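# Results of the structural survey
Here is what each chain is made of, one letter per residue.
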Amino acid sequence: MPTSYPWTTAKKCRRKNYVASLEVSTHPLKMDNMRITPSLNKTLMESLQNWSMPFEELDPLLRFEKMNVAEESLPLDICEDEKENYLKVWNCKKTSILNKYTTGEKLTIISSFLPGGEKISTFSALIRQVSNLNEKVKHRLEQLDDFDEASVRKTMGLSQQEFVTKVHMLDEEIKKAWDSEQRVNAFKIAIQCSKLLSDISVMQFYPSKFILLSDVLNNFGSLVFDRLKNKSFGNKNIKFQDIDPSTVLEIAKETCQNWLFKMASIRELLPRVYMEIALLQCNVFISREEMKPTINRLTNMIRGMGNPLVAIYIRVYLCNISSKLFGKESEPYYKDNLSEFINEYQQIFHPTMLKKYGAQLLTADQYLNLYVPAVDWLLFGTLNWNHDKLNLLEELLKKCNEIENSELLLCCIISAFDSSSVIQKSSAILDIIRKNADGMVMMHQALSSLGEHLCHAESYRQVSAEVLSQTWWKLASGMKNTANFLQVLEPWIQFACIQLSSQHINVILRGTIRYLIKSGQPPDNYSMQIQNVVKRILKHIPDVEELFLMDAFMPLVELVQTSAARTSMARTVLTVFFERNKSERIDDPIVIASLMRLCRIVHDSINAVSVEDESKWSGELIVRCIQAARHEDLDTQLNFYVECRAAFLKLDAVLVALVHAVNTLSTRGAASRGRWLQRACAAYCYITVPSLQCALSRATLYLLSGQVALLNNCIGQAEANFKALVGVIPNIPQYVQEDGQKKPTHDRVAGLISNFLSTLLVLPDNVDSNSKAYILSGFIKTLERVEWRKIDTLYYTTLLRVLDLLCEMTQEQYAYHIDSVISNDELYGAEEEFVKCLENYATNVCQELLVVLKALSDAKETKKQYSLSLELFWRIIKRGDLQQSSMSGLASNLWMLSQKLQDSNAKYAKSILTVLQGGDPAGRQLLEKLKVQ
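Description of the structure in this document. (Residues numbered from 1 in each chain as written. Predicted model: local features only at pLDDT ≥ 70, side-chain atom pairs only at ≥ 80, totals over all residues. Heavy atoms only, no water.)

## Side note on the packing of helix α10 (residues 269-278) against helix α11 (residues 291-301)
Look at α10 against α11: their axes get within 11 Å of each other, and the N-to-C directions meet at 155 degrees. By the angle between their axes, α10 is roughly antiparallel relative to α11. The chirality of how α10 crosses α11 is left-handed. Packed against α10, whose contacting residues are Leu269, Arg272, Val273, Glu276 and Ile277, the element α11 presents Thr294, Arg297, Leu298 and Met301 at the interface. Here the contact of α10 with α11 is composed, by residue class, of five nonpolar, one polar and three charged. (Axes fitted to C-alpha atoms, helices over the stretch in contact; angles between N-to-C directions. Helix = DSSP H or I, 4+ residues; strand = E, 2+ residues; numbered from the N terminus. Parallel < 35°, antiparallel > 145°, perpendicular 65-115°, else oblique. Left-handed = near helix turned anticlockwise from the far one by under 90°. Contact = heavy atoms within 4.5 Å. Nonpolar A, V, L, I, M, F, W, Y, C, P; charged D, E, K, R; others polar.)

And the structure:
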């Protein structure tokens, strides 16, 4: 091949269908776009969390919080098909009790069977051999009360986790002793576990202690039951309800009686009652009819317990075992035990108990809350038993009026009953609270529960709603504890948002601010509760924009002062606002100003140590605000964007959104204002884009801003943007970091350059410049500085597209134009000097492509070489002047090269031949020449 091939472009006649076209499956300028449709069921918060969800594990503290939420949302009245499934409901409740009732105090455990330490004489005596069955039975009965004082050890100073570990060890010791035929030993361990439930030295932990030790007793009872079942029925899988005492073998009955005698021989009341309840299911092997009277007897026996806290949890254990055995038939026992508790209610306030919890530095409400899980569970079974819930509620409220200090019972009643019943009796309940307000320590819980029920009211009489609101506010505003006040405020403000006017809501917010200021305590101590209150308001007020027009809302939001609390509050408000606000535009300047204030707080929290997800979340919220804000006056809108740029310089996502917004504003103002607005918008974009860190983003926005300026006939601003784009291209990296992954930029750069080159066709030259097509020439020179390898597809593809543009620019009339923009075809009129300059550029590009072909050959990239040779051949026959010998000679050489490299897919080459056959005479002449060769 000769070393140089001067390029000559063929002049086109603008006639339709003069040159046949290749059949392609996609448009060459079309970029692959992925359309993501967000789910309508997902909130903004859920969408934002999806960014980091696959890479994060659930925080252990959040796990416990979710357990609490799940338990609180558990319905207390289950449907008919699930009423016998008490075990499942109790398991959920157990989890919440273990999470709630914890302690940092040191605990004590007394046992003679914990592993470790010196071997105990009593334990070694248990494993001695006996000769016959009579001696064995006699020996076990003797040992039942044989607790060697030296063997009983008291372990003090245990942390909560250590105590839990010790209890699990005792459970394992029971199983080990049982498996090694030391069943009396297992029985004695169970007795010692039941005795631990008499210890209330750490009251705060007692509900959790009950859960742990009752599980141990349940496991022991199951071991005894399974042994008796195997003795009678072997390995048959027989359930409790299918056992017929008349079919039980005598040996199983004798063994059962033996266990019951052992249980009856326990001297202390508490362990004897616990063990009898644990072994209650074993009575079925002797007489099923005696089991229910036994439950009634145990219900009465519990009256003998002197400690009311211990007594009510024994009742819970009795009801649990009863429901496990009899399902729905056990519900009357819940009612009986609840009645027994109400009859003994005043024991809770006995001076002895007051002294005990006072010595442990517990407050009165902390002490009463220890009873709440037990009372709730008794009410749960009672409500399932009594279907006339309204009458039952009236009966229980009457008892609350009759007895003193009824706040514990009242709180449990309110939380246990369904919302429809409580709403009907809301006035009566509020009246009871009002009458006893002076001495109530659980008033905040009662008011909070009542408010939660009222939030479920679909409609409420306006007068009644106002009266209720005034009554609860008088009670709440008199509270001395700020945390209790905010706990009450949370549901009642939701009730006000649903039922009352915005004026009432604003009055409540003003009162809340006054209360928090007068309390004398920093609002930052209660930032999470204040945030929950604000969230409730935002979620339930009918018109969320109206909220920002209240004079008390933003002062409440900004009441917290620490940076973390302010940031969390601002994010919460913005997130919930955009979830609720369905309008695409916000016109009210007060609302816009309030949202901008919150956005500034969010933006200012971003620093060098902020994680990527946090910055992305903040950017998304600010962008939503910018996109929604609208001012009727375009000057005001542009000034708003200028303020946003000054306020949000840290976030690239926000700057990108601002550039897009200003370009949109520029197109909006084209018809209504003069050129100065379009020029101001173009200048804004030109100044803003350099602030971006990502070179690819800068290049994309320079191109977009230049195109908008060109569309508005702002030629100078368009040139400035395109010059800046040419300067940025060498700085675009091969990979960018997105969503924690390195992604290649080649495809995006290729699309960007194609878009840029297609825009240059309509860009007129600057008449003050001595260079023809000076921006294009600058781009060609820039390609020499780009760190692309010559054999990269992106490099030679870009050269081919530059060649396409140069050929088109030599034509007398361009393929497309922009209205009011005079392109070079009109500016030069195909002037010879201009065309010659372009053809010189084309010659250089063509020569560089030949160099690339040589480099591909050296690198043995035959597929790329074949493809490039055909692409260049096609451009010569499509755009070159084949009358010139240099062009026809180059085309012939390229064709021979492609045939020498013949790819398995020759479809493209065949298509080119087909075009030549239907082309102009020069093309057909070249085809004949190629056939000869």
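From this point, the discussion proceeds with the structure in view.
## Some words on a nonpolar patch on the surface
A surface patch of nonpolar side chains, about 290 Å² in accessible area, is lined by Val767, Ile822 and Leu827. Counting through the fold element by element, Val767 comes out in the loop between α36 (746-760) and α37 (774-783). In this structure Val767 comes out as exposed when scored by relative accessible area, which is 69%. (Patch = residues over 30% accessible without salt bridge, like charges linked within 9 Å, V, L, I, M, F, W, Y side chains within 5 Å. Areas by Shrake-Rupley, 256 points an atom, 1.4 Å probe, with all protein chains shown as cover. Salt bridge = Lys/Arg side-chain N within 4 Å of Asp/Glu carboxyl O. Buried < 20%, exposed > 50% of the residue type's maximum accessible area, 1.4 Å probe, protein only.)

## Describing the pairing of strand β4 (residues 741-744)
A regular strand places its side chains on the two faces of the sheet in alternate fashion. Taken together, the four bridges between strand β3 (residues 735-738) and β4 define a ladder with antiparallel strand orientation. Bridged to Glu738 within β4 is Gln741. Hairpin geometry of β3 and β4 is characterised by an intervening segment of two residues between the two adjacent antiparallel strands and by a positive phi of about 55 degrees at Asp739. (Pairing = 2+ DSSP bridges.)

## A short note on the environment of Gln693
You can see Gln693 is positioned in the loop between α33 (675-688) and α34 (695-711). Judged by its relative accessible area of 70%, Gln693 is exposed. Along the backbone, Gln693 and Leu651 are 42 residues apart, and their C-alpha atoms lie at a distance of 9.6 Å. Apart from the residues within four sequence positions on either side, Gln693 is in contact with Asp652 and Arg698.

## Brief notes about the side chain of Asp171
Here Asp171 shows up in helix α6 (residues 160-179). Lacking a salt bridge, the buried Asp171 has Lys175 as its closest oppositely charged neighbour, with an N-O distance of 4.1 Å. (Lys, Arg positive; Asp, Glu negative; His and termini not counted.)

## So, the state of the cysteines
Applying the stated criterion across every chain yields a total of zero disulfides. Note on Cys644: no disulfide assigned, nearest cysteine sulfur contributed by Cys625 at a separation of 7.1 Å. (Disulfide = S-S within 2.5 Å.)

## Observations concerning helix α8 (residues 206-233)
For α8, with 28 residues, the first-to-last C-alpha span of 40 Å sits near the 40 Å given by 1.5 Å per residue. In the stretch just after α8, Gly234 is the one whose phi turns positive, near 70 degrees. (Expected span 1.5 Å × (residues − 1).)

## Things to note about the pattern of salt bridges
Counting across every chain of the model gives 28 salt bridges. Between Glu340 and Arg315 there is a salt bridge, and its shortest N-O distance comes to 4.0 Å. In this pair, Glu340 is assigned in helix α13 (residues 331-343) and Arg315 in helix α12 (residues 308-326), connecting sequence segments 25 residues apart. Given the relative accessible area of 1%, Arg315 is considered buried.

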